[in-house]
Amino acid sequence: MTGGAARSLPWVFVAGAAVGVLGGMIGLGGAEFRLPLLIGVFGFAALAAVVVNKAISLIVVAAALPARLIAVPWPELAPHWPVAVNLLAGTLVGAWLGASWAVRMRTAVLYRVLAALMVVMAAALLATHLLPVASLHLSGWLQVVAGVAAGLVIGVVAAIMGVAGGELLIPTIVLLFAIDIKTAGSLSLMVALPTMLVAFARYSRDGSFAVLGRNRRFVLTMAAGSIAGVLLGGLLLGVVPDLVLIPALALILLISAAKLARHH
């Protein structure tokens with residue numbers, strides 16, 4: 001693992017804040033940008049980086065949930081509880097499966113899987129923010145089955161990457177359940193938190209989980225920086241036009257994916 005200035009706590013805080021700002025400017029936590037940073041800059045191996053990213057993401061989501069409840073009060077969210085339950089029926093299983101697969105993958109394979117998922121995240125980012133997202137007008141059991149299936153995939157992706165999954169949850173909620181994007185953002189956090197806890201519980205059964213104990217100060221410092229960055233990024237929301245910001249962020253993800261695919 002790299003040392004020196006790259007691991008100094010002030011630099012760790014700044015790096016976390018930078019990731020948080022990127023995420024906050026598009027209404028997300030930025031965990032997809034944090035993962036390549038943990039591997040490429042701070043020298044964590046693939047699985048260790050995923051576990052650290054998951055821990056930081058969990059802290060950031062837990063901190064963000066009260067603020068979202070102020071923006072979208074509970075009385076507005078309560079009628080949509082069946083949506084959260086529908087998605088959780090898939091995401092909880094997916095999170096357990098995804099974490100189980102991640103701990104069993106050879107390191108070289110995990111790097112390639114992470115690279116492929118970053119490409120998926122870049123595509124989701126472009127599609128969600130630059131293309132109109134309209135409901136598919138599903139209903140009845142078709143909607144329920146689609147929700148569970150989508151949740152399963154999202155849970156797997158979120159667990160393997162160590163992210164909250166908002167990049168995929170928000171458009172899924174809009175598409176399948178015809179809910180406005182602001183409410184979908186709050187619902188995504190309500191789904192993401194228990195989903196992350198399940199993945200975290202699965203990772204805790206693996207030896208790689210010990211990386212958190214060895215890097216406790218690192219994790220807490222980067223989490224603090226990420227929370228500060230997300231708050232700052234939220235204030236900057238709309239300052240940079242989406243037509244400039246979103247392609248730039250997608251390009252960052254694609255470059256990171258290319259580097260991860262070549263990582264050994």
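Read on for an overview of the structure. (Residues numbered from 1 in each chain as written. Predicted model: local features only at pLDDT ≥ 70, side-chain atom pairs only at ≥ 80, totals over all residues. Heavy atoms only, no water.)

**Focus on the overall build of the chain**
Step number 1: Scanning the chain for helices and strands turns up 12 helices and 0 strands.
Step number 2: In the chain, the succession of α and β elements from N to C terminus is α-α-α-α-α-α-α-α-α-α-α-α.
Step number 3: Against the compact-globule benchmark of 18 Å for 264 residues, the chain has a radius of gyration of 17 Å, which places it among compact chains.
Step number 4: Projected onto the principal axes, the alpha-carbon positions of the chain cover approximately 55 × 40 × 30 Å. (Helix = DSSP H or I, 4+ residues; strand = E, 2+ residues; numbered from the N terminus. Rg over C-alpha atoms; globule rule 2.2 N^0.38 Å.)

**Comments concerning helix H3 (residues 46–71)**
Step number 1: The end-to-end C-alpha distance of H3 is 36 Å, a good match for the 38 Å that 26 residues give at a rise of 1.5 Å each.
Step number 2: Roughly 30° is the biggest bend found in H3, and it falls at Leu-65, with proline Pro-66 one to four residues downstream. (Expected span 1.5 Å × (residues − 1). Bend = angle between axes of the 7 residues up to and from the residue.)

**What about the environment of Phe-13?**
Step number 1: Among the secondary structure elements, Phe-13 is positioned in helix H1 (residues 9–24).
Step number 2: For Phe-13 and Lys-54, which are 41 residues apart along the polypeptide, the C-alpha to C-alpha distance reads 17 Å.
Step number 3: Non-local contacts of Phe-13, meaning those with residues more than four positions away in its chain, are made with Thr-221, Ala-224, Gly-225 and Ala-228. (Contact = heavy atoms within 4.5 Å.)

**A closer look at the nonpolar core**
Step number 1: If you look at the biggest cluster of nonpolar residues, it comprises 89 residues, and the most contacted ones within it are Phe-44, Val-52, Leu-114 and Met-161.
Step number 2: Considering each element in turn, this core owes the most residues, 13 residues, to H3. (Core = buried A, V, L, I, M, F, W, Y, C linked by side-chain atoms within 4.5 Å. Buried < 20%, exposed > 50% of the residue type's maximum accessible area, 1.4 Å probe, protein only.)

**Here's the deal with the packing of aromatic side chains**
Step number 1: Taken as a whole, this structure holds 4 aromatic pairs when the rule is applied.
Step number 2: Ring plane angle 80° and centroid distance 5.1 Å describe the contact between Phe-42 and Phe-218, whose orientation is recorded as edge-to-face. Placement of the pair is Phe-42 in the loop between helix H2 (31–40) and H3 and Phe-218 in helix H11 (residues 216–235), with a sequence separation of 176 residues.
Step number 3: A relative accessible area of 0% means that Phe-42 is categorised as buried.
Step number 4: Through successive ring pairs, a cluster of aromatic residues spans Trp-11, Phe-42, Phe-44 and Phe-218.
Step number 5: Lying over the aromatic face of Trp-96, Arg-202 brings its terminal NZ or CZ to 5.9 Å of the ring centre. (Phe/Tyr/Trp six-rings, centres within 6.5 Å; stacked < 30°, edge-to-face > 60°. Lys NZ or Arg CZ within 6 Å of the ring centre and 35° of its normal.)

Interpretation in functional terms is not warranted from these geometric data alone.
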